Amino acid sequence: MFGFANALLLALFAAAAADLILAWRRTGALRPALTALWGGEHLLFGPWGESARLRLGQGAFCAGLALYEFTVVFCNSMAREQWPWLQEQLAPVLDALMYLCFFAKILLGTRYTWRSLGTAGCLYFIARWVYFNGQNIWFLGLAVVLLAAKDVPLRRAMKAFLGSGVPALALVEVLHFAGIVAPGATSERDGSFRLMFGYGHPNTFGGVVFGLVMAWVLLRSAALRWWELATVAGVGVFLLVGPASRSAALCMLLLAVLLAAAKLLRGRPAPRGAAGACAALTPLTAAFSLILPLFVVKVGPWANEIGPAWLRRLDELLTCRISLAWAAYRMYDVKIAGQMLMDWPVIDNIFVYLLYQFGPVLLGLALLLLTAALYGCARRGRWQAVACLLAMLAYGYMETQVLHITSNPALLLLCGAVFALPPSQWEFER
């Protein structure tokens, strides 16, 4: 992974150098060349085979996304315990093919201005920087996917996502209920059994289902019908009573409520003030998340024995997210480029997790991107997308899986903000 991270960065620098040389030769002067590169969209390494490269680039992205989904949903299920070669032999090959697909899309199948390439390249550089410190591949992988997602219609990407994820999940469930994969997969915690449905943890299964439902919502361009909203809520109830994946269940129910509100708004664009208020939910949630553990008072030796009483009840609802964040405050120092975390405390709050695992620079950048995406979608009246982003925000309060495309395909909605494009140019979402 270190080699791939460095190779992509060096390739982007080489592409910029080739851009400058070709533009300089074409214009005959440096200043007109820089002006054309800064504001004009163009393919890297010259305009040869433009239509074929753009078409094949979209196909390469969808193939990479499908490989990503299959690797996580199937190869990372408990099937790896039954057939170790899935993780030891197959998964590395699929990962290599996936990154080659994204690599080709980024370098050969995407049109950029130097302005958009510079902003997206800065994100990738920061992701690579913090990866070298925290050695967590998820944000680096997410940065690569967002770089590759430009100019790919969101509906086409979601078709590839669902076309890979649904059969992979169905295969895991068939193997599980046939008794081939993890036949006794139950987990006893605090006197209650939680069904894991072929995965190593109930929340893993919940995250996979949450991601597939969200992808289906993003695939739908028209407002969902009421029976479809009831189906989304029904999946949330199933996650609550089946695997008892409370985080995914609560966010699924919240998504159903938000989609109902989106249906009532009927695609009307929001005025600036309303869109700003919607976008402000990102920094407000982050502030609430980071400040709330400061009110914790320890009343016993166990991690969840805290006060005052109202805070303990909220902590129980959020399955110890607050008390574990309080423990993290006392065990870690904030480092500018992140650090490797210990096995305990488990930091499932994404805002606290980003602060310690990746550092405050990346935390601020992530908040900025989500804020911009919410504002842009609200201004354009894309209320179903807003509903998904808000559900993602809530999911992040309880799960770091929010960084995984497989559990949160709404991350692709950040692509326009990653390239610093005005909302009117986020055409690749359609």
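Just so it is clear, the structure is predicted and the values come from calculations on it, not from any experiment. (Residues numbered from 1 in each chain as written. Predicted model: local features only at pLDDT ≥ 70, side-chain atom pairs only at ≥ 80, totals over all residues. Heavy atoms only, no water.)

Describe the overall build of the protein, listing the residues and the values that go with them.
What the protein contains, in helices and strands, is 19 helices and six strands. On C-alpha atoms alone, the protein measures out to a radius of gyration of 22 Å, which is about the 22 Å that the 2.2 N^0.38 rule sets for 430 residues. For the protein, buried positions account for 53% of its 430 residues. Of the contacts made within the protein by residues no fewer than 6 positions apart, 71% connect residues no fewer than 24 positions apart. As displayed, the protein offers around 18,400 Å² of accessible surface, 67% of which is attributable to carbon and sulfur atoms. Charge-centre separation for the protein: the mean point of 33 positive side chains lies 12 Å from the mean point of 21 negative side chains. (Helix = DSSP H or I, 4+ residues; strand = E, 2+ residues; numbered from the N terminus. Rg over C-alpha atoms; globule rule 2.2 N^0.38 Å. Buried < 20%, exposed > 50% of the residue type's maximum accessible area, 1.4 Å probe, protein only. Contact = heavy atoms within 4.5 Å. Areas by Shrake-Rupley, 256 points an atom, 1.4 Å probe, with all protein chains shown as cover. Lys, Arg positive; Asp, Glu negative; His and termini not counted. Charge placed at Lys NZ, Arg CZ, Asp CG, Glu CD.)

Tell me about the side chain of N349, and please be specific about residues and values.
By secondary structure assignment, the location of N349 is in the loop between α15 (321-331) and α16 (350-358). Residue classification places N349 among the buried positions, given a relative accessible area of 3%. If near-sequence neighbours (up to four positions away) are discounted, N349 is found in contact with S289, G396 and Y397.

Any chance you could break down the packing of aromatic side chains for me, citing the residues and the numbers?
Inspection of every chain in the model, using the stated rule, returns 17 aromatic pairs. When the ring of F139 is compared with that of F358, the centres are 5.8 Å apart and the planes differ by 45°; the resulting orientation is tilted. Here F139 is found in helix α7 (residues 137-148), whereas its partner F358 is found in helix α16, with 219 residues between them in sequence. Under the relative-accessibility criterion, F358 is labelled buried at 1%. With centroids separated by 5.6 Å and ring planes inclined at 70°, the aromatic side chains of F197 and F238 adopt a geometry described as edge-to-face. (Phe/Tyr/Trp six-rings, centres within 6.5 Å; stacked < 30°, edge-to-face > 60°.)

So what about helix α6 (residues 114-134)? Which residues, and what values?
With 21 residues, α6 should cover 30 Å at 1.5 Å per step; its first-to-last C-alpha distance of 30 Å lies within 8% of that length. Those residues of α6 that are buried lie in contact with α1 (2-27), β2 (111-112), α7, α16, α17 (360-379) and α19 (415-418). At the exit of α6 stands Q135, carrying a positive phi of roughly 55°. (Expected span 1.5 Å × (residues − 1).)

I'd like to hear about α16, residue by residue, with values.
The buried count for α16 comes to nine of nine residues, which makes it a mostly enclosed element. Within α16 the residues assigned to the buried category are I350, F351, V352, Y353, L354, L355, Y356, Q357 and F358. For α16, the N-terminal capping position is held by N349, with its side-chain oxygen 3.0 Å away from the main-chain nitrogen of F351. Following α16 by one or two positions, G359 has its phi on the positive side, about 100°. (Polar contact = N/O pair within 3.5 Å; in protein donor to acceptor, adjacent residues only side chain to side chain.)

Run through the nonpolar core, naming residues and quoting values.
In this structure, F61, Y124, M158, L389, I405 and L412 are the most contacted members of the largest nonpolar core, which totals 146 residues. With 13 residues, helix α18 (residues 383-398) is the single largest residue contributor to this core. Leaving out residues up to four positions away in the same chain, Y124 has contacts with F4, A5, L8, L9, L140, A143, V144 and L147. (Core = buried A, V, L, I, M, F, W, Y, C linked by side-chain atoms within 4.5 Å.)

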